Amino acid sequence: MDAVKATSRPDALTQMNTSLNTTQNPKCVDIMDSPVNDLLIGIYITALVLGLVFNLLTAWPIIQQIRKKNVLGVYLLSLCISDVLYILTMPLWIIYYYNDHRWTLGLDLCKLAGFVYYSNMYISIYLLCCISIDRCLAVTFPLKTKTFHRFRYAWLISGLIYIFTASLHVLVILMDKVTDPLDEYERCYETFPMTERVALFNLLRVVIGFLLPLLVLAVCYCQIFRKVKESVGLDNQGKRKVKLLSVGVIAIFSVCYAPYHIQLLIRSIAFNCFHFNDYCEFEQAQHFYFSGTLAMSSLNSVVDPLLYVLVSNGMRESVRFCCRTKSCSCT
């Protein structure tokens, strides 16, 4: 009996210590040599090349629209600046995934890349909302909007969006004390399990950063469609352009943003509902899909310049002129 007790007690202590160590310093998700790496590298290289080409190609025509005091040009330039800043961080993520989720570029670059990544996403979402609201007001109240100084306020609104989004992310980092986004496995902003504050912040991101803007877009384009249908002064080309704009914005939200925020919502709910082991198994199973949807959100930097150039006659003609003459001097 004593021998049995002597052997069972160390086993019990060993199991307890193992359990404590697992809880305090767990390897919740194993993502080394993940099969998602090749997919992520391909998506980011595509977004890097096409995004840089399209944004640089449309930059001069956008500036020409601003010189004409075009409100759409202000929002497009703000969108272009955000996209280019984000595109410049893509080589860092490509190196990260090429090294099997190991960040070898230093802590400061990890912080910068993560900050720009998430800030760009919500700056783009809010600017898309601003463009949609401006189009809705122009169609619904054409006379009143002509007397309203929309061009001046467009600059102010764009600046406030940058400040609000950046400040919110800085506040969250300070509140959660995320001074070191690199974990012991050198993973950049891929720490598992998430904390309670991060789970709460993710839920707020889904509501404020996605669902609320989606509601605004739905209201705007329902109103736009109704007014366009009732309009007798708008020709078929004008109606087609309005429809293309609305379908394009909805497509950006559906393809680039909706899958990521759905995954974000599911993961946050799972964190609050599952036990630790079940939660880690869930995160392990969902990691491939979550990483894929996060990478898909980067394609907005490719689609943004295409969408609004194609629906704007002035910009479309400017781009054609630039391509023909290879000198972007517009009349």
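Residues numbered from 1 in each chain as written. Predicted model: local features only at pLDDT ≥ 70, side-chain atom pairs only at ≥ 80, totals over all residues. Heavy atoms only, no water.

- Looking at an unreviewed UniProt entry, one finds the protein chain named G-protein coupled receptors family 1 profile domain-containing protein, with Tachysurus vachellii as its source organism.
- Within the UniProt record for the protein chain, the comment given under Sequence similarities (unreviewed entry) is "Belongs to the G-protein coupled receptor 1 family."
- Quoted verbatim from the Subcellular location (unreviewed entry) field of UniProt, the annotation for the protein chain is "Cell membrane". (UniProt positions renumbered as here; feature names shortened; annotations may be inferred.)

Focus on the nonpolar core
Thinking step 1. Counting residues in each nonpolar core, the largest one holds 68 residues, and the members touching the most others are Tyr44 and Tyr257.
Thinking step 2. The leading source of residues in this core is helix α5 (residues 107-140), at 16 residues.
Thinking step 3. In this structure, Cys28, Val29, Met194 and Phe271 belong to the second largest nonpolar core, which totals eleven residues. (Core = buried A, V, L, I, M, F, W, Y, C linked by side-chain atoms within 4.5 Å. Buried < 20%, exposed > 50% of the residue type's maximum accessible area, 1.4 Å probe, protein only. Helix = DSSP H or I, 4+ residues; strand = E, 2+ residues; numbered from the N terminus.)

Details of empty space enclosed by the protein
Thinking step 1. The tally for this structure, following the rule as stated, stands at two cavities of 30 Å³ or more.
Thinking step 2. Of the volumes computed, that of the largest cavity is approximately 40 Å³.
Thinking step 3. Around the largest cavity, the lining residues are Asn55, Thr58, Ile62, Leu76, Leu79, Cys80, Asp83, Asp304 and Pro305.
Thinking step 4. Broken down by element, the residue count for the lining of the largest cavity peaks at four residues, all from helix α3 (residues 71-87).
Thinking step 5. Taken together, the residues that form the lining of the largest cavity break down as five nonpolar, two polar and two charged.
Thinking step 6. There is about 30 Å³ of room inside the second largest cavity.
Thinking step 7. Together, Tyr86, Tyr117, Asn120, Met121, Ser297, Ser298 and Asn300 line the second largest cavity.
Thinking step 8. If one sorts the elements of the lining of the second largest cavity by residue count, α5 sits on top with three residues. (1 Å grid on protein atoms, 1.4 Å probe; cavity = no way out; pocket = protein on both sides within 12 Å on 5 of 7 lines; lining within 4 Å. Points joined across faces, edges and corners; volume = space filled by probe spheres on them. Nonpolar A, V, L, I, M, F, W, Y, C, P; charged D, E, K, R; others polar.)

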